[in-house]
Amino acid sequence: MDPHYHPQTVESEAQEYWEDNRSFHVTEDPEREKFYCLSMFPYPSGRLHMGHVRNYTIGDVISRYQRMCGRNVLQPMGWDAFGLPAENAAMKNKVAPARWTRENIDYMRGQLRQLGFAYDWRREIATCDPDYYRWEQWFFTRLLEKDLVYRRESTVNWDPVDQTVLANEQVIDGRGWRSGALVEKRRIPQWFVRITAYAEELLQGLDDLPGWPAQVKTMQRNWIGRSRGVLIRFPRTDAGEALEIFTTRPDTLMGVTYMALAAQHPLVEALADGNSELAAFVDECNRGSTAEADMAVMEKKGLPLGIRVRHPVTDEEIPVWVANFVLMEYGTGAVMSVPAHDQRDWEFARAHGLPVRQVIAPAAGDRAVDLETEAFTEAGVLVNSGPFDGLASDEAFDAIATHLAAKNLGEVQVNFRLRDWGVSRQRYWGAPIPVLHDGSGSPRAVPAGDLPVTLPEDVHYEGGANPLHGMPAFLDGGTDEQGRPLRRETDTFDTFMESSWYYARFACPDADRMLDGRANYWLPVDQYIGGIEHAILHLLYARFFHRLMRDEGLVETDEPFTNLLTQGMVLKDGAKMSKSKGNTVDPQELIEQYGADTVRLFMMFAAPPEQTLEWSDSGVEGAHRFLRRLWKLVATSETGQPGETDWAGLALSAAATALRRKTHQTIDKVSDDVSRRYTFNTAIAAVMELCNEVSRFEPADAGDTAVLREALESVVLLLSPITPHICHRLWFELGHARAVIDQDWPRADSAAMRETEIRLAVQVNGKVRAQLEVAADAPEEDIRAAALADENVQRFVAGRTPKKIILVPRKLVNIVVA
């Protein structure tokens, strides 16, 4: 065996072996326990970054471990291939997005192969392939039939440079997160899926996910935002339709001094027609940010609308305003403004000279409320509230709701912060929405037999416009029953549509329908891995989509992912790696310099998966030194040939017994770290400690040699999920005929772990004065006596009678003297 470690040769040989032997090809086997391990698939940006490497190494370690435990393991890989970045890159580089994307996929696939990930590449999918998105289109038509999909005009954040709709979270300081352009508000037709119909189930289902981080579940609960409140109707003083509002604080109803409407409210839009001042204000609001953080601090602006409503209890006339702090997309687009008890209402009232009327006082009665400085927003006791005076806020909720219901002016409702999922994007590079429009603009689903609606891939851009608008062959949707022309929809799906069900398609990527019976063998995913930045949208949409598929009879389970691991970021110099910061590290260069195993080892050793990993060049070099040392350790050790050892009948020296004990203690610890705790860093540290013991061991007889072989074999087996290439080679060098990938995970021998002697520190008044070796099962009285009898201990006791002797089992004895 060459005593020098050559990672490039070792790794190419291992990868060739796995490929030739189809080591990671997997099929359904009802006789075996399955384990589906999935890492969130990447966007094909062109090159892997260290975040990718960390994410996929974690998944690979788990998958390889589960395989060695005898489970039928599925670990697939694919590409989240549609999306705006590819389109922008294509425009910049004057190349079609399809070509740019597929070239990137080819390159990144090669990088993943170099890292030795145990993927079943036969299952690879790219969401831009018609064989994938045709089933998404088919499913959309099924949802359309069930009235779970609808089209309506919606006010959206419009990026005029990227020419696409942005989520509120993608608007930063009023500008598009990617382009930096000032965002506009537009009302355009959008396609929506009724996720709100599943809001309660999605919320309750979080209680059935003990394998998910509490932080992620809390984020989803807050995003769904269940609230119990009252829908209240304020009759107009003219002949107009009553204004409806939803409030969770009906106890403040008697403090309403004005109503506030969103700029996009239908009543405001109607009044703005012919009113230039109001129209200008609406236009100003349409250019403003709708992010909640921005709304909280922005200057509160508004105009009176010249109309009034009646208070549903007192019949008092209340003025109606339009205000920039009210969002049309939340609630009814109208709020009852109680400036004494809501901070935004208070700020608006102060800015526009509107009354502030206190109707809630602190429950204890011992706290002053200064409405000159801020609103009092806590619950309390009602005051200045007529028949409701003296009621606690929770009591007033029911009393006021009952009063309103008797007058047919309100009823208790459960509302959700969650809004229906807008799935249409006004961009080219996405899956076409399978809808046809007739001359009147009425939409209809593309017949199943005409699917997929294939996205043309040979396109040329004129500015930033969607090229589909200028492609007559695509727009031509045939004719309807009366021979009238039909036009294809040019909006494409939000890419969250593709990523919401890819995990299920991996189970049956060659199925001639959306999913077949193989999906129910593999699902749910046993371990899902990805960044916490996907905690809300992707993971919530996937949970929703899974339920839609369940209700279509495609899957049997309620949840897609049993366990979720959210890995931390990779930092360098205290900041997240990014090209803009100039602090990236190219995985390709490291692979070429040190080998993939070094990169994998460093990533798993530097920090636990959930924590932030701080990049360290010296840490990478240290990982490489350890692998070189391990290689040399095997190369220079005389271990004999593999075979069964009769440990019960073998007399071992004290040194051999100690090494064997260390070996099995290491197996026990690493097994727990890898299987239950996912603390791969401590597992690696334990193996390194064992290697140190091995390097100090000098075998003197056959028993010693057997112990040495067992220790080295254990090191290779325990490290094989983390550094699979070097362990593949070392296992053969140790004389085995079958590859390490096909070996069972080692089991700790409890008898071998049992210690016959233990070493205790002996303290006198808290300071260590001796080390004591005693039998592991020695009685406490004998241990105390032995500690007192130690010659050095006697020097510090100096004939004094100990006040007490404290024994910490298996650790220390502390003798306390005056």
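Basis of the calculations
- Residues numbered from 1 in each chain as written.
- Predicted model: local features only at pLDDT ≥ 70, side-chain atom pairs only at ≥ 80, totals over all residues.
- Heavy atoms only, no water.
- Phe/Tyr/Trp six-rings, centres within 6.5 Å; stacked < 30°, edge-to-face > 60°.
- Helix = DSSP H or I, 4+ residues; strand = E, 2+ residues; numbered from the N terminus.
- Lys NZ or Arg CZ within 6 Å of the ring centre and 35° of its normal.
- Axes fitted to C-alpha atoms, helices over the stretch in contact; angles between N-to-C directions.
- Parallel < 35°, antiparallel > 145°, perpendicular 65-115°, else oblique.
- Contact = heavy atoms within 4.5 Å.
- Nonpolar A, V, L, I, M, F, W, Y, C, P; charged D, E, K, R; others polar.
- Pairing = 2+ DSSP bridges.
- Expected span 1.5 Å × (residues − 1).
- Core = buried A, V, L, I, M, F, W, Y, C linked by side-chain atoms within 4.5 Å.
- Buried < 20%, exposed > 50% of the residue type's maximum accessible area, 1.4 Å probe, protein only.
- Polar contact = N/O pair within 3.5 Å; in protein donor to acceptor, adjacent residues only side chain to side chain.

1. A short note on the packing of aromatic side chains
In this structure the tally under the stated criterion is 32 aromatic pairs. Aromatic pair Phe 140 and Phe 493: ring centres 5.1 Å apart, planes at 65 degrees, arrangement edge-to-face. One end of the pair, Phe 140, is in helix 5 (residues 130-145); the other, Phe 493, is in strand 25 (residues 492-493), and 353 residues separate them in sequence. Where Tyr 502 meets Phe 506, the ring centres are 5.7 Å apart and the plane angle is 75 degrees; that geometry is what we call edge-to-face. Through a chain of ring-to-ring contacts, three or more aromatic side chains come together here, namely Phe 41, Tyr 502, Tyr 503, Phe 506, Tyr 528 and Phe 561. Directly above the ring of Phe 474 sits Arg 488, whose terminal nitrogen or CZ lies 5.6 Å from the centroid.

2. So, the packing of helix 2 (residues 50-68) against helix 19 (residues 596-605)
Two quantities define a packed helix pair, namely the angle between the axes and the distance from one axis to the other. Where helix 2 contacts helix 19, the axes come no closer than 10 Å and their chain directions differ by 90 degrees. Classed by the angle they form, the pair helix 2 and helix 19 counts as roughly perpendicular. For the pair formed by helix 2 and helix 19, the contact residues are Met 50, Val 53, Arg 54, Thr 57, Ile 58, Asp 60, Val 61 and Arg 64 on the first element and Val 599, Arg 600, Met 603 and Met 604 on the second. Along the lines of polarity and charge, the residues of the contact of helix 2 with helix 19 split into seven nonpolar, one polar and four charged.

3. Quick notes on the sheet that holds strand 2 (residues 72-74)
The four strands lie next to each other as 2-1-26-27, forming an open sheet whose pairing is parallel. Pairing within the sheet leaves two strands with one partner each, and these edge strands are strand 2 and strand 27 (564-567). Across the sheet, the mean angle from the axis of one strand to that of its neighbour is 20 degrees, orientation sign disregarded. Summarising the sheet, strand 1 (residues 34-39) and strand 2 pair through three bridges and their orientation is parallel.

4. Focus on the sheet that holds strand 33 (residues 804-808)
With respect to topology, four strands assemble into an open sheet ordered 32-31-34-33, the strand pairing being mixed. The outermost strands of the open sheet, each flanked by one partner alone, are strand 32 (767-775) and strand 33. If you compare each strand with its neighbour and ignore which way they point, the axes differ by 20 degrees on average. Pairing between strand 31 (residues 757-764) and strand 32: eight bridges, direction antiparallel. Directly across from Arg 759, in strand 32, lies its bridge partner Glu 773. The strands touched by helix 26 (residues 780-789) are strand 31, strand 32, strand 33 and strand 34 (812-816); relative to strand 33, the strand with the most contacts, the crossing angle is about 115 degrees.

5. Some details on the pairing of strand 13 (residues 302-310)
In the sheet, strand 13 pairs with strand 14 (residues 317-323) via six bridges, with the strands oriented antiparallel. Each bridged residue has a counterpart across the sheet, and for Gly 302 the counterpart in strand 14 is Ala 323. In textbook terms, the turn of a hairpin is the stretch between consecutive antiparallel strands, and for strand 13 and strand 14 this stretch comprises six residues, one of which, Asp 315, has a positive phi near 70 degrees.

6. Concerning unusual backbone geometry
A cis geometry characterises the amide bond from Leu 451 onward to Pro 452, with omega recorded as 5 degrees. Along the chain, Leu 523 connects to Pro 524 via a cis peptide bond; the corresponding omega equals 0 degrees. In this fold, Pro 524 is placed in the loop between helix 16 (518-522) and strand 26 (527-531). At Lys 94, a position not held by glycine, the phi torsion is positive, near 55 degrees. Take Lys 94: it is sitting in the loop between helix 3 (84-93) and helix 4 (97-114). In this structure, Tyr 678 is a non-glycine residue whose phi angle is positive, near 55 degrees.

7. Details of helix 21 (residues 654-677)
With 24 residues, helix 21 should cover 34 Å at 1.5 Å per step; its first-to-last C-alpha distance of 33 Å lies within 8% of that length. On the buried face of helix 21, the contacting elements are helix 2, helix 22 (680-696), helix 23 (702-719) and helix 25 (750-753).

8. Quick word on the nonpolar core
Ranked by internal contacts, the top residues of the largest apolar core, which has 171 residues, are Tyr 503, Leu 515, Met 549 and Trp 615. For Leu 515, the contacting residues outside a window of four places in its chain are Trp 501, Ala 504, Arg 505, Cys 508, Met 549, Leu 554 and Val 555. Judged by nonpolar contacts, the second largest core, of 42 residues, contains Leu 303, Val 359, Leu 371 and Ala 396.

9. Concerning the environment of Arg 22
On the secondary structure map, Arg 22 appears in the loop between helix 1 (7-20) and strand 1. Note on Arg 22: relative accessible area 59%, which makes it exposed. C-alpha of Arg 22 to C-alpha of Trp 121: the two residues are 99 residues apart in sequence and 9.9 Å apart in space.

10. Focus on the side chain of Gln 527
Relative to the assigned elements, Gln 527 resides in strand 26. In this structure Gln 527 comes out as buried when scored by relative accessible area, which is 4%. Side-chain polar atoms of Gln 527 contact the side chain of Tyr 678, separated by 3.1 Å. Setting aside anything within four residues of it in sequence, one finds Gln 527 in contact with Phe 35, Tyr 36, Cys 37, Leu 38, Ile 62, Asn 563, Leu 564, Leu 565 and Tyr 678.

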